[in-house]
Amino acid sequence: MSLEPQSAQLLTSEGLDQLLKALRRGGYRTVGPTVREGVIAYEDIDSVEHLPRGWTEEQSGGHYRLRRREDDALFGYAVGPHSWKAFLHPPRQRLWRARGDGDTVQIERESPDRQPLALIGVRACELQAVAIQDKVLLGGAYGDPHYRARRADTFIVAVNCTVAGGTCFCVSMDCGPNVATGFDLALTELAAAGLPAFVLQSGTPAGRKVLEEIPHRPATESEIAAARARVQQTAQHMGRQMPVESLPQLLLRNLEHPRWREVADRCLACGNCTMVCPTCFCTTVEDSSDLSGQETSRTQRWDSCFAVDFAYLHGGSVRQSARARYRQWMTHKLATWHLQFGSSGCVGCGRCITWCPVGIDITEEVNAIRASDPG
Ligand code: SF4
Ligand code: SF4
């Protein structure tokens, strides 16, 4: 987002509260960050009082702790274990139900959820992750009608990052920390600069329309400069770097590299990295019947390429070892995703590093392979 002086506005935290209320009056379900069970989680919120005021977090490989900040920032952290895919492409989605009475069977397709979503506090890497999921789930002959219905009316309030997480590397992936496109409104928080307010940009007519309902004023040059400085500072403090140069070629010519075995010795094949990843989209379906046998339903649920059954073809799983599964995950994210969807499958959010129980770090794995690449 370029903070253009002629269009940047200033919004107070009371103004943000009114924005939430205006969105709810407009029929939106407002979802945003809040503190829950020791993490920043995304949940239904209806007031700024639900936001994680004065909290930040500490993140490293396999480690996450909330910490108090010295100010009252509402968005003074990076990202927690949740991502917006839990709302746009939920972990479980019933697809249809069938009821039988012995003679006839009635099949009822699940209708898409029509309540529009307003996502509050979406970071630059997360906007890119939503754009990636759009490409996968909206496009082609196999688009997901439930996802399409949710995305059709999604209102996005983005937030430029003013603090980098210990495992973030969005700068390497060219995905952050400042938002560029894909938002209705974008905020840059000034709390760390001593002002309980936000520099605000609108990105769409829908954003400008909601803005008419809430109090704001043009931002001053010094407020805009303070906002820019915070985001630039964030870019200089990334927790990690990913060496992206010729990365697909590097990985694809090293499919038999000994490092895959070394990482597999540590990998538990738990699938956490795929569950927390905002771009992973794979699903499976389960059928279940009630005890009377009169009703059955089919449910789509998230799946993971770390599950043995995920790669089950006729005669058994084609990826029996953790080595094969880790290699599949990482080479898909960073190499074959480019061939399939025209971009990387990684946005540098760092969640897979933080939430890996043994602290496996995707940037470290790439560096290890690069260090001994025969070329
Ligand atoms: S890399 Fe870590 S999070 Fe991913 S499956 Fe292996 S142990 Fe689990
Ligand atoms: S692979 Fe890891 S760092 Fe990249 S988008 Fe997924 S969770 Fe984030």
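So, how was this worked out
- Residues numbered from 1 in each chain as written.
- Chains lettered and ligands numbered in written order.
- Predicted model: local features only at pLDDT ≥ 70, side-chain atom pairs only at ≥ 80, totals over all residues.
- Heavy atoms only, no water.
- Near = heavy atom within 4 Å.
- Nonpolar A, V, L, I, M, F, W, Y, C, P; charged D, E, K, R; others polar.
- Axes fitted to C-alpha atoms, helices over the stretch in contact; angles between N-to-C directions.
- Helix = DSSP H or I, 4+ residues; strand = E, 2+ residues; numbered from the N terminus.
- Parallel < 35°, antiparallel > 145°, perpendicular 65-115°, else oblique.
- Contact = heavy atoms within 4.5 Å.
- Domains from an automatic or database assignment.
- Salt bridge = Lys/Arg side-chain N within 4 Å of Asp/Glu carboxyl O.
- Polar contact = N/O pair within 3.5 Å; in protein donor to acceptor, adjacent residues only side chain to side chain.

1. Some points on the site of ligand 1
Alright, step 1. Near ligand 1, the surroundings consist of 13 residues, among which Cys-267, Leu-268, Cys-270, Cys-273 and Cys-356 are the closest.
Alright, step 2. Looking at side-chain class alone, the shell around ligand 1 contains eleven nonpolar, two polar and no charged residues.

2. Some details on the packing of helix H10 (residues 322-341) against helix H12 (residues 362-371)
Alright, step 1. Where H10 meets H12, the axes come as close as 12 Å, and the angle between the chain directions of the two elements is 90°. When the interaxial angle is binned, H10 and H12 end up roughly perpendicular. Along the contact surface, H10 presents Tyr-326, Trp-329, Met-330 and Leu-334, while H12 presents Ile-362, Glu-365, Val-366 and Ile-369.
Alright, step 2. By residue class, the composition of the contact of H10 with H12 is seven nonpolar, no polar and one charged.

3. Some remarks on the site of ligand 2
Alright, step 1. Close to ligand 2 lie Phe-169, Cys-277, Pro-278, Trp-329, Lys-333, Cys-346, Val-347, Gly-348, Cys-349, Gly-350, Arg-351 and Cys-352, which account for all nearby residues.
Alright, step 2. Counting only elements with at least two residues in the shell around ligand 2, the list comes to H10 and helix H11 (351-354).
Alright, step 3. A breakdown of the residues in the shell around ligand 2 according to their chemical character gives eight nonpolar, two polar and two charged.

4. Side note on the domain arrangement of the chain
Alright, step 1. Assigned domains of the chain: these are domain 1 (9-235) and domain 2 (247-371).
Alright, step 2. Summed over the shared surface of domain 1 and domain 2, the result is four salt bridges.
Alright, step 3. In this structure, Arg-92 engages Glu-286 in a salt bridge whose closest nitrogen and oxygen atoms are separated by 3.0 Å.
Alright, step 4. Between domain 1 and domain 2 we count 28 residue pairs in polar contact (both at pLDDT 80 or more) in total.

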